[in-house]
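# Descriptive structure summary
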Amino acid sequence: STKKYPAPSDIKEELLKKYPPKVAKKRGKAIVVNDPEEIPQVQANTRTIPGIITQRGCSYAGCKGVVLGPTRDIVNLVHGPIGCSFYAWLTRRNQTRPDGPEGENYMTYCFSTDMQEEHVVFGGEKKLKQAIQEAYDLFHPKAIGIFSTCPVGLIGDDVHAVAREMREKLGDCNIFGFSCEGYKGVSQSAGHHIANNQVFKHVVGLDDTDKGGKFKINMLGEYNIGGDAFEIERLLAKCGITLVASFSGNSTIGQFENSHTADLNVIMCHRSINYMAEMMETKYGIPWMKVNFIGAEATAKSLRRIARYFEDDELMQRVEEVIAEEMPAVQNVLEATYPHTKGKLAMLFVGGSRAHHYQELFGELGMETISAGYEFGHRDDYEGRKVIPNIKIDADTKNIEELKVTPDPERFRPRKSEEDLARLKEEGLDIRDYEGMMPDMKKGSLVIDDISHYESEKLIELYKPDIFCAGIKEKYVVQKMGVPLKQLHSYDYGGPYAGFSGAINFYKDIDRMVNSRVWKLIQAPWEEENELEATYVTP
Ligand code: CFN
Ligand code: HCA
């Protein structure tokens, strides 16, 4: 890049300067200057320091909003005050086809027990039973999931006992609870884990029907934000790959029940769904492999990896044909945008996988990601599995129980033997090889976990990036600073950004954003009036 900015170590120092010593020491461990050759250790998945304005959300958001939210035919019933439901009501832009072949679809509904003071004082189980009965009478759904919010855990309502009782009473409705109170764990991440456990325990494996298909996969960690899953489904179908289940974009409970019949799990967002993949491998023998459909090159590579895994010449040839068919349109748009986007600087602070995945797309536009970080990623998401081979996948989440999973004597079927996997590795397909954010970022880029609001403002001042990618809480402050912000959560109003057509959409949107002069014309309120400055009290 041609832009000049201070050395990353100076920037780090500048970010920490304002904090009291103890806070600076802790934050310092979460801010690291990257070196892909010698990956530094980064502090991640630790509690946010109180008083710091974080981007993070809660466990309930990770369980209800993220993992179960995109399911179509499970009634997602929130046990708690109405606000918890309202703020998780389709705000994530997980889509559903308006034109069917849906059948049941409850995604647009907002189910809540509407907990009141009376229930906090005298208990809310009765109200919960009534709500389940009401949902059942109205819709006769195949399944109802109950999500605990903070007060439920505080007063001790037993949602699992209620689920059991109502399941027995109603007979033909699968009812299960999630103890995903917002305060569990340190972020959304704990909620992912809780969601994985309960879906695995109560749903996966219920339907053994072999539904046919030669190359059967599940797509894990794809949530159909802005219609991404539709584009991926289109590509898989075009290649002749059968999608048994998707966890959980555009999914049905029937898919989950049947998902153990697949021959491979491919994982998009490893952070949110790795638990499911590990448990399915242990119990049923289904191997898993990381893929990435964000970026045209990444999409091509991922399709080739899947074809390679199945070791089928016809499939490999078909995948090449599809890539050759799709690429010219992508190249055309890229040729038109690249000259305007080349050399521009991006910063990505979002979630637990996109801050990494979207660097591919920016790379295709010739843009450099100078600084990036996750809200709630773990160390393996940053440092990569390869550099820390013995990392226990979820070692640092102490307060979420792991399910005890053992091979199912009847249904365990190793899809590939250890020898097969070793041979594939020799031939260039190491299904266990996935890299995190840092191996893919340049030396000297600044990696920051759980970035604070203050730090992001400082970063923008110092780097003057051409685009900042984050979420709704950051969007307007950043734009008032004269920098366009692309929401990498909801895509604002855009998308899909996955696959080949998604890449085209992204190139066009980013070109428009980084080359618009409108942001520079804005005068922020604090440029007109005196700013109120506060300093931390040092104890
Ligand atoms: S769709 Fe995913 S891709 S599931 Fe996760 S870690 Fe969130 S909701 Mo927002 S956009 Fe984000 Fe990732 Fe996986 Fe989304 S980067 S924060 S919990 N996320
Ligand atoms: C969540 C959901 C979220 C929030 C997005 C944002 C999403 O974490 O609860 O902060 O703008 O993608 O909808 O990540």
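Structure: above.
Here is a short report on the structure shown in this document. Please read all numbers here as calculations on a predicted model, not as lab measurements. (Residues numbered from 1 in each chain as written. Chains lettered and ligands numbered in written order. Predicted model: local features only at pLDDT ≥ 70, side-chain atom pairs only at ≥ 80, totals over all residues. Heavy atoms only, no water.)

## Overview of the overall build of the protein
Secondary structure assignment for the protein yields 22 helices and 14 strands. Taking 2.2 N^0.38 as the reference for a compact globule, 539 residues should give roughly 24 Å; the C-alpha atoms of the protein span a radius of gyration of 23 Å, in line with that estimate. Restricting the contact set of the protein to residue pairs at least 6 apart, pairs at least 24 apart contribute 76%. By element, 53% of the accessible surface of the protein is carried by carbon and sulfur atoms, the whole surface being about 23400 Å². (Helix = DSSP H or I, 4+ residues; strand = E, 2+ residues; numbered from the N terminus. Rg over C-alpha atoms; globule rule 2.2 N^0.38 Å. Contact = heavy atoms within 4.5 Å. Areas by Shrake-Rupley, 256 points an atom, 1.4 Å probe, with all protein chains shown as cover.)

## Remarks on the sheet that holds strand β5 (residues 174-178)
The strands making up a sheet associate through hydrogen bonds between their backbones, and the pairing can be parallel or antiparallel. With respect to topology, 4 strands assemble into an open sheet ordered β3-β2-β4-β5, the strand pairing being parallel. The sheet is open, and its two borders are formed by β3 (111-112) and β5, each paired with just one other strand. Two elements, strand β2 (residues 74-79) and strand β4 (residues 143-148), share 6 bridges in a ladder whose sense is parallel. Its bridge partner being in β4, Ile 74 is matched across the sheet by Ala 143. (Pairing = 2+ DSSP bridges.)

## Thoughts on the site of ligand 1
Of all residues adjacent to ligand 1, which total 15 residues, the nearest are Arg 92, His 192, Cys 269, Ser 353 and His 489. Of the residues that constitute the shell around ligand 1, the class distribution is 6 nonpolar, 6 polar and 3 charged. (Near = heavy atom within 4 Å. Nonpolar A, V, L, I, M, F, W, Y, C, P; charged D, E, K, R; others polar.)

## Quick notes on empty space enclosed by the protein
Counting across every chain of the model gives 4 cavities of 30 Å³ or more. Size it by volume and the largest cavity reaches roughly 80 Å³. Considering the residues around the largest cavity, the lining is formed by Lys 26, Arg 27, Ala 30, Gln 43, Thr 46, Arg 47, Thr 48, Ile 49, Ile 52, Arg 56, Asp 449 and Asp 450. Of the residues that constitute the lining of the largest cavity, the class distribution is 3 nonpolar, 3 polar and 6 charged. (1 Å grid on protein atoms, 1.4 Å probe; cavity = no way out; pocket = protein on both sides within 12 Å on 5 of 7 lines; lining within 4 Å. Points joined across faces, edges and corners; volume = space filled by probe spheres on them.)

## Quick notes on the packing of aromatic side chains
Following the criterion strictly, the structure yields 24 aromatic pairs and no others. With a centroid separation of 5.1 Å and an interplanar angle of 70°, the aromatic rings of Tyr 109 and Phe 139 are classed as edge-to-face. Placement of the pair is Tyr 109 in the loop between α4 (82-86) and β3 and Phe 139 in helix α6 (residues 125-139), with a sequence separation of 30 residues. Residue classification places Tyr 109 among the partly exposed residues on the basis of a relative accessible area of 42%. For Phe 139, a relative accessible area of 24% puts it in the partly exposed group. Residues Phe 176 and Phe 178 carry aromatic rings whose centres are separated by 5.8 Å and whose planes lie at 80° to one another, so their mutual orientation is edge-to-face. (Phe/Tyr/Trp six-rings, centres within 6.5 Å; stacked < 30°, edge-to-face > 60°. Buried < 20%, exposed > 50% of the residue type's maximum accessible area, 1.4 Å probe, protein only.)

## A few points about the pairing of strand β10 (residues 345-349)
Counting buried positions over the 5 residues of β10 gives 5, a clear majority of the element. Taking every second residue as pointing to the same face, both faces of β10 are buried, with Leu 345, Met 347 and Phe 349 on one and Ala 346 and Leu 348 on the other. Direction of pairing for β10 relative to strand β11 (residues 368-373): parallel, over a ladder of 5 bridges. What sits directly across from Ala 346, in β11, is Thr 369. Each parallel crossover has a hand, and the one from β10 via helix α15 (residues 354-364) to β11 is right-handed. (Right-handed = clockwise from strand over helix to strand, strands pointing away.)

## Focus on α6
The terminal C-alpha atoms of α6 lie 21 Å apart, and with 15 residues this matches the ideal 21 Å at 1.5 Å per residue to within 8%. Every buried residue belonging to α6 is among Leu 128, Ala 131, Ile 132, Ala 135 and Tyr 136, and all of these are buried. Looking straight down α6, one finds its buried side chains confined to an arc of 130°; they lie on one side. Away from the buried face of α6 by more than 90 degrees, exposed residues Lys 126, Glu 134 and Leu 138 are located. Contacts made by the buried residues of α6 are with β2, β4, α8 (159-170) and β5. Backbone geometry just after α6 places His 140 at a positive phi near 45°. (Expected span 1.5 Å × (residues − 1). Arc of directions from axis to C-beta.)

## Comments concerning a nonpolar patch on the surface
Taken together, Phe 86, Tyr 87, Trp 89 and Leu 90 make up a surface patch of nonpolar side chains, about 460 Å² in accessible area. We classify Trp 89 as partly exposed; its relative accessible area is 38%. (Patch = residues over 30% accessible without salt bridge, like charges linked within 9 Å, V, L, I, M, F, W, Y side chains within 5 Å. Salt bridge = Lys/Arg side-chain N within 4 Å of Asp/Glu carboxyl O.)

## Some thoughts on the pattern of salt bridges
All told, the structure shown has 37 salt bridges when counted by the stated rule. A salt bridge links Asp 492 to Lys 486, with the nearest nitrogen and oxygen atoms 3.5 Å apart. The burial state of Asp 492 is the same as that of Lys 486; both residues are buried. A single salt-bridge network, built from bridges that share partners, covers Arg 308, Glu 311, Lys 416, Asp 420, Arg 423 and Glu 427.

## Let's talk about the pairing of strand β8 (residues 264-267)
Residues Leu 264 and Val 266 of β8 are buried on one face, and the alternating residues Asn 265 and Ile 267, pointing to the opposite face, are buried as well. Pairing analysis gives 4 bridges linking strand β6 (residues 216-222) to β8, with the strands arranged parallel. By the bridge assignment for β8, Ile 217 is matched with Leu 264. Looking at chain direction, β8 and strand β9 (residues 288-290) are connected through 3 bridges and run parallel. Of the residues in β9, the one forming a bridge with Ile 267 is Lys 290. In the classification by handedness, the crossover that spans β8, the intervening helix α12 (residues 270-284) and the parallel β9 is right-handed.

## A look at the layout of surface pockets
Volume-wise, the second largest pocket comes out at about 640 Å³. Lining the second largest pocket are 18 residues; nearest its centre among them are Lys 18, Tyr 454, Glu 457, Glu 531 and Glu 533.

## Let's talk about the sheet that holds strand β14 (residues 485-487)
Pairing in this open sheet of 6 strands is mixed, and the strands run β1-β12-β11-β10-β13-β14 from one edge to the other. The strands lining the two open edges of the sheet, one partner per strand, are β1 (31-33) and β14. Pairwise comparison of adjacent strand axes, ignoring direction, gives a mean angle of 20° for this sheet. Sheet strands touched by helix α2 (residues 21-30): β1 and β12 (446-448). Its angle to β1, the strand with the most contacts, is close to 50°. (Axes fitted to C-alpha atoms, helices over the stretch in contact; angles between N-to-C directions.)

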